[in-house]
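# Commentary on secondary and tertiary structure
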Amino acid sequence: MGFLSRRQALGALGGAAAVVAGRTLTGWAQASDPIVAGRPLVRYPQKTDLILLTSRPPQLETPMKWFDRAITPNEAFFVRYHVFPIPTRVDLTTWRLRVGGHVDRPLELSMDELKAKFAAVSVTAVNQCSGNSRGRFAPRVLGGQWGDGAMGNAEWVGCRLRDLLTAAGVRQGAVEVTFDGLDKPAFPSVPDFVKSLSLGRVLDDGNVIVAYQMNGAPLPMLNGFPARLIVPGWYATYWVKNLSDITVVDRPFEQFWMKPAYRIPDTPCGCVEPGTAPKATVPINRMTVRSFLTSPEPGTRLAGGRQAMLKGIAFDGGYGIREVEISDDGGTTWRRATLGRDLGPYSFREWSAAWTPPRSGAAKVMVRAFNRIGESQGTEPLWNPAGYLRNVIESVEYQVS
């Protein structure tokens, strides 16, 4: 992949992606998921085969087979950029993280300084695109028609954002913090991807970090090298990649990617009647409860009367998963699954359940999760014009013989 020395450039993304010759997604998607069936598998530097949604900018979806475990490998982690071109190489001898704006002591920090001057902390957290599963919305909505694989879970290591702000000295009157990365649009008519968080959100949560390590290794270039923002429990739109500038501001930040983009209806459910427009909107924020059955794959032929082991993952926006249940009778009765190791409230939680197919023919297994404050998934999907917040009960069909 043309890496420079570790000191000069740990991130290198030389060249374009190569479509894996003659290969499209088969198995899981081909059999049961028309949203991603037939899309090519591509292999970018530092990545395994991922599902191609777009190449400019790259949007690459993780095949569902990778969610049979709590931690998503770096090479299988999904990719989502908003503007093009994207950074393909970063020289750590010249890269600096700038912290400025409404502060007393503006900072320019090298990677060595970031690691030496600020305590390292870790958090295991799900990174999920706001539009994950958008392709399943009915009526159909605009935007990338993702299947369910625009998500991943990793252990992130870095320094607390509030420690950086303390070192810079936030001035009285500051209200928000903005975040900008190295990805810059080619044309002035395209808005730069800049996001913001309220100052209170940052100062109150020590789990909001600037990460430089992912699953024990430097961040892959396509996942934010050399550093990215981690906002556990909130959708990935805030997790700015290839971070270069942190700016404290003294007024609400309302540029394009905060308003009008990435907004949800200002209703308790974040939803409106299908096909209608909301009267008011707010920025998207905390993730909803979700659960998936990932093994055996949909369409797998199972033997009637012979026990099979079902496996999957569940997660929410930071309260943690309390319980996962399965049903094979259309939701009339539910049976509790066994939860795997707890890696923290922001993480995927593995689950498993022994299940004996009751009869020959088609069999459908449903899965739902509950978090620690009782939130769960509904039987009918909620709708909003942007295709966000999906958290309906999911199901998988098998053939029983």
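A brief structural summary.

Rules behind the numbers
Residues numbered from 1 in each chain as written. Predicted model: local features only at pLDDT ≥ 70, side-chain atom pairs only at ≥ 80, totals over all residues. Heavy atoms only, no water. Helix = DSSP H or I, 4+ residues; strand = E, 2+ residues; numbered from the N terminus. Buried < 20%, exposed > 50% of the residue type's maximum accessible area, 1.4 Å probe, protein only. Contact = heavy atoms within 4.5 Å. Pairing = 2+ DSSP bridges. Salt bridge = Lys/Arg side-chain N within 4 Å of Asp/Glu carboxyl O.

## Things to note about the side chain of Glu-323
With respect to the helices and strands, Glu-323 occurs in strand S23 (residues 321-327). You can call Glu-323 buried: its relative accessible area is 10%. If we ignore the near neighbours within four places in the chain, the residues touching Glu-323 are Arg-336, Leu-339, Arg-368, Ala-369 and Phe-370.

## A look at the sheet that holds strand S27 (residues 361-371)
In space, the 5 strands of this open sheet follow the order S21-S28-S27-S23-S24, with mixed pairing throughout. Two strands in the sheet have a free side with no partner beyond their single neighbour: strand S21 (301-302) and strand S24 (335-336). Note: S21 against strand S28 (residues 394-400), 2 bridges, orientation parallel. Opposite Arg-301, over in S28, you have Gln-399 as the bridge partner.

## Some points on the pattern of salt bridges
Applying the stated criterion to the full structure yields 19 salt bridges. Notably, a salt bridge pairs Asp-148 with Arg-136, separated by 2.9 Å at the nearest N-O pair. Of the two residues, Asp-148 sits in the loop between strand S10 (120-128) and strand S11 (151-160) while Arg-136 sits in the loop between S10 and S11, which places them 12 residues apart along the sequence. Taking the relative accessible area as the measure of exposure, Asp-148 reaches 9% and is therefore buried. Taking the relative accessible area as the measure of exposure, Arg-136 reaches 25% and is therefore partly exposed. Ionic pairing is found between Glu-325 and Arg-368, a salt bridge with its closest N-O pair at 2.7 Å.

## Some details on unusual backbone geometry
A negative phi holds for most residues other than glycine; trans holds for most peptide bonds. The residue after Arg-56, namely Pro-57, is reached through a cis peptide bond having omega -5°. Mapped onto the elements of the fold, Pro-57 is located in the loop between strand S4 (50-55) and strand S5 (58-61). Cis geometry marks the peptide bond from Ala-138 to Pro-139; its omega dihedral reads 0°. Along the polypeptide, Pro-139 turns up in the loop between S10 and S11. Although it is not a glycine, Gln-46 sits at a positive phi angle of roughly 70°. Relative to the helices and strands, Gln-46 resides in the loop between strand S3 (40-43) and S4.

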